[in-house]
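Notes for the structure review
The primary structure of each chain is shown beneath.
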Amino acid sequence: MSAEQVLQYIFAGITVGSIYAFVAIGYNIIYSTTGIINFAQGEFVMLGGMISYSLSGVMPLFPAIVLAVIITSLVGGLIENVFIRRMRKTSVMGMIVITVGISILLREAALYIWDEQIRALPFFTGSEISSVSIFGARISPQVIWVLAVTSVIVVALFFFLKFTLSGQAMRACSENPSAARLCGIRTDRMVNMSFMISAGIGALGGCVVSPLTQTHYAMGSDLAIKGFTVAILGGLGNPIAAVAAGILLGLIESFSISILPMAFKDVISIAILLIILVAKPSGLFGSSQASALKDY
Amino acid sequence: MKKILAVLLVVGLITGSAFAMGQSDEGSIKIGAILAVTGGASFLGAPEARTMEMVVEDLNAAGGINGKMIELIIKDSAANPEKAISFAKQLIEEDQVIAIVGPSTSGETMQIKDLCESYKVPLVSCAAAEAIVNPQAAYVFKTPQKDSYVAKWIYTTMKDMEIEKIGVIAANTGFGNAGKGQLEKYASEMGIEIVISETYDKAATDLTALLTKVNAQGVDAVVNWSIVPAQSIVPKNMKQLGMDVPLFQSHGFGNIKYVEAAGEAAEGIIFPAGRLLVADKLPEDHPQKANLVAYKDAYEAKYNEVVSTFGGHGYDAIMLVIEALKNSTTLDREGVRDSLESISGFPGTGGIFNFTADDHNGLGMESLEMLTVIDGQFDFYK
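Residues numbered from 1 in each chain as written. Chains lettered and ligands numbered in written order. Predicted model: local features only at pLDDT ≥ 70, side-chain atom pairs only at ≥ 80, totals over all residues. Heavy atoms only, no water.

So, on to the overall build of chain B. Counting secondary structure elements, chain B contains twelve helices and 14 strands. The C-alpha radius of gyration computed for chain B amounts to 21 Å, which stays within 12% of the reference 21 Å derived for 382 residues, consistent with globular compactness. In terms of overall dimensions, chain B has C-alpha extents of about 65 × 60 × 40 Å along its principal axes. A burial count over chain B gives 58% of its 382 residues as buried. Considering only contacts in chain B between residues 6 or more positions apart, those separated by 24 or more positions represent 66%. For chain B, the accessible surface area stands at approximately 14,400 Å², while carbon and sulfur atoms represent 52% of it. Side chains of chain B carry 31 positive and 49 negative charges; the gap between the two charge centres is 5 Å. (Helix = DSSP H or I, 4+ residues; strand = E, 2+ residues; numbered from the N terminus. Rg over C-alpha atoms; globule rule 2.2 N^0.38 Å. Buried < 20%, exposed > 50% of the residue type's maximum accessible area, 1.4 Å probe, protein only. Contact = heavy atoms within 4.5 Å. Areas by Shrake-Rupley, 256 points an atom, 1.4 Å probe, with all protein chains shown as cover. Lys, Arg positive; Asp, Glu negative; His and termini not counted. Charge placed at Lys NZ, Arg CZ, Asp CG, Glu CD.)

Next comes the structure, spelled out in structure tokens:
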């Protein structure tokens, strides 16, 4: 394998991995404040792509994306308000079933609103056929956009959780919800915020990847499974670890394709995932103490 | 809140079931349709269902068949074979339909093939796989062109272009596997060498890693056999990798939306398809021209959506059943089957249908044309 090819596989892996990471970040934010695995996370990505596509018909691309992110986070907040908050008394298992139900609801609503056709946003720079050469490997300019947006989200999330009052309050809820409530933190507000943030991040991801991967009303469930895998791999509850885990999984998949038939891709990535989890049950970057406090 | 939800649920159930039940009218002829209107294959089933509703509506408005109205009962299988089986039983036993059109996908059709055969109910499938009519069942027909014709057309074109070494990639669906099998079967006979053959996940969103591997083999052309979304992703990824070999796709590319989704990357894709997509460009004296243009104009005016090959398969299925009903004197299942088998020279969207006792597809190689994309439009490949 030549150096260019190795680099080409690395780029392919990072691109796919960033898409997984967008979903996994959302899982983690919600999990850390509520202990819920929100299986509707993939649908937020779909909604972002769909809404921005529709809006881009009546306004320039960037305002359309901003508005799509805002609308999707409002949808996320609304879902929390209507379903999650009212059913908080149910068990963790019950909550999972509810989120699966919400994902089906969103998917069917999208089918009703947008029909079954696939859609794609225009490329932010260049077009479908433009490609950039980096050390002999060729990538679409859109891949650079995806990587840039992923980096911005990671940095922004880091500063938000570390230095802002809301971020610290969210982390407190994640560490120990009862203690956080005793300290005067409005946990329900934090939960609502976590849904809004993860819906918004999912939607933003859906917008930047749409030119590459296209948007389809039923794309959410496949993304949800891969994103969930990545979230577990990184260590549940750690949004930034999810990005590293996502890119790792993307690279594993990409290099497995280079040596074996592509049909084995998922077998290999899941086998590696199982090995990691046997060796380190709390995930690559998760702390075993933190995971012991959670319901599961 | 809970009350509102409950009301919404009930309203949904009522409207949903009213749609499914239709009206029952003693004097009407009942035709069942099992179509993937929603779910993963909705790009097939939805235009098929819309087409059939339109055809039946127009026929009834014009007085039906010898004064008898047609009642079309559409069941949405969501491409689920188990649902297809139970709907087929329901249509046959409860609704007592005279014939069934659909299902949309090959997997579903294969599941109900034996069922229709044992109940002696004519089935006209809208799905592509050759296995539907080979081995042949007395009551089972299909409208899309055979996979083997598509593979042979692709290879014939490749010979003209002096292409020798190719890479084959296919999605892991019934459609993709069947197509890959046909390509592998005819390659050596047609003098083409497949240097790499790969299968990818049907929901794959980025195939640059796979195409890097294909590119490293030094192929003269790539054949991709899949449906959405991959058939729009493959051309994009190829251009992004700087691969400039020709891309051939299957007849599943027959929807202008896929061209739009691939944008500029779609230019120059070569694929075989029926003539519906280029109806406007056919010479005036072509035997299919009048029907194709009539269907295309009616569909596009009614649904404000561009026609696709798939709606065309649905059009052919329902039109063939209607034609069989018109010619049948007995108006029972047996009569419709016999009448279907004797249809010849019927101009559909897929080609001129000539059913015989040995051929329940009724289309020849000449039903397909090699098409390409020029300036975002389908055109003949020359």
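So that's the structure; there's more coming.
Turning our attention to the interface of chain A and chain B. With 36 residues of chain A at the interface, the matching set in chain B holds 40 residues. Both faces considered, chain A and chain B share a buried interface measuring about 3,100 Å² in area, 60% of it formed by carbon and sulfur atoms. It is Glu-116, Glu-128 and Met-262 of chain A that lose the most area in chain A upon contact with chain B, and together they represent 20% of the buried surface on that side. At the boundary of chain A with chain B, the tally comes to zero salt bridges. At the boundary of chain A and chain B, one finds nine residue pairs in polar contact (both at pLDDT 80 or more). (Buried area = accessible area lost by both parts, 1.4 Å probe. Salt bridge = Lys/Arg side-chain N within 4 Å of Asp/Glu carboxyl O. Polar contact = N/O pair within 3.5 Å; in protein donor to acceptor, adjacent residues only side chain to side chain.)

With that out of the way, let us pick up unusual backbone geometry. Between Gly-102 of chain B and Pro-103 of chain B the backbone carries a cis peptide bond, its omega angle lying at -5°. Checked against the element boundaries, Pro-103 of chain B lands in the loop between strand 3 (99–101) and helix 4 (106–119). Here the residue pair Asn-134 of chain B and Pro-135 of chain B is connected by a cis peptide bond, since its omega of 5° sits within 30 degrees of zero. Within the element layout of this structure, Pro-135 of chain B appears in the loop between strand 4 (123–125) and strand 5 (140–142). Despite not being glycine, Phe-135 of chain A has its phi angle at roughly 50°, a positive value. Here Phe-135 of chain A lies in the loop between strand 1 (132–134) and strand 2 (137–139). Judged by its relative accessible area of 75%, Phe-135 of chain A falls in the exposed class. For Asp-375 of chain B, which is not glycine, the phi torsion reads 50° and is therefore positive.

All names here are of chain B. Of the pairings in the sheet, the one linking strand 13 (residues 369–374) to strand 14 (residues 377–380) comprises four bridges and is antiparallel in character. When the sheet's bridge partners are listed, Ile-374 is paired in strand 14 with Gln-377. Taking the residues that link successive antiparallel strands as the turn, the strand 13-strand 14 hairpin has two residues, and the phi of Asp-375 there is positive, at about 50°. (Pairing = 2+ DSSP bridges.)

Residues and elements named next belong to chain B. Strand order in the open sheet formed by five strands is 2-1-3-4-5, with parallel pairing between adjacent strands. If you trace the sheet from one side to the other, it starts and ends with strand 2 (70–76) and strand 5, each paired once. Averaged over neighbouring strand pairs, the angle between their axes works out to 20° when direction is ignored. Sheet analysis places strand 1 (residues 29–35) next to strand 3, joined by three bridges and oriented parallel. Looking at the pairing, Ile-31 lines up with Ala-99 of strand 3. In the packing of helix 2 (residues 42–61) onto the sheet, contacts are made with strand 1, strand 2 and strand 3, and the angle to strand 2 comes to roughly 165°. (Axes fitted to C-alpha atoms, helices over the stretch in contact; angles between N-to-C directions.)

All names here are of chain A. Tallied over the entire structure, the rule returns 17 salt bridges over all chains. One salt bridge in this structure joins Arg-107 and Glu-43, with 3.1 Å as the shortest N-O distance. With Arg-107 in helix 4 (residues 92–114) and Glu-43 in helix 2 (residues 41–56), the pair connects residues that are 64 residues apart, well separated along the chain. Overall, Glu-43 belongs to the buried group, its relative accessible area being 0%. Salt bridges sharing partners connect three or more residues here, namely Lys-226, Glu-253, Lys-265 and Asp-266.

For the coordinates displayed, the defined rule picks out 19 aromatic pairs over all chains. Ring geometry for Tyr-9 of chain A and Phe-255 of chain A: centres 5.9 Å apart, planes at 50°, overall tilted. One end of the pair, Tyr-9 of chain A, is in helix 1 (residues 3–34); the other, Phe-255 of chain A, is in helix 10 (residues 239–259), and 246 residues separate them in sequence. For Tyr-9 of chain A, a relative accessible area of 2% translates into the label buried. Assessed through its relative accessible area of 27%, Phe-255 of chain A is described here as partly exposed. Taken together, the ring pairs connect Tyr-295, Tyr-299, Tyr-303 and Tyr-315 of chain B into an aromatic cluster. In this structure, Arg-337 of chain B packs its charged tip against the face of Tyr-139 of chain B, placed 5.6 Å from the ring centre. (Phe/Tyr/Trp six-rings, centres within 6.5 Å; stacked < 30°, edge-to-face > 60°. Lys NZ or Arg CZ within 6 Å of the ring centre and 35° of its normal.)

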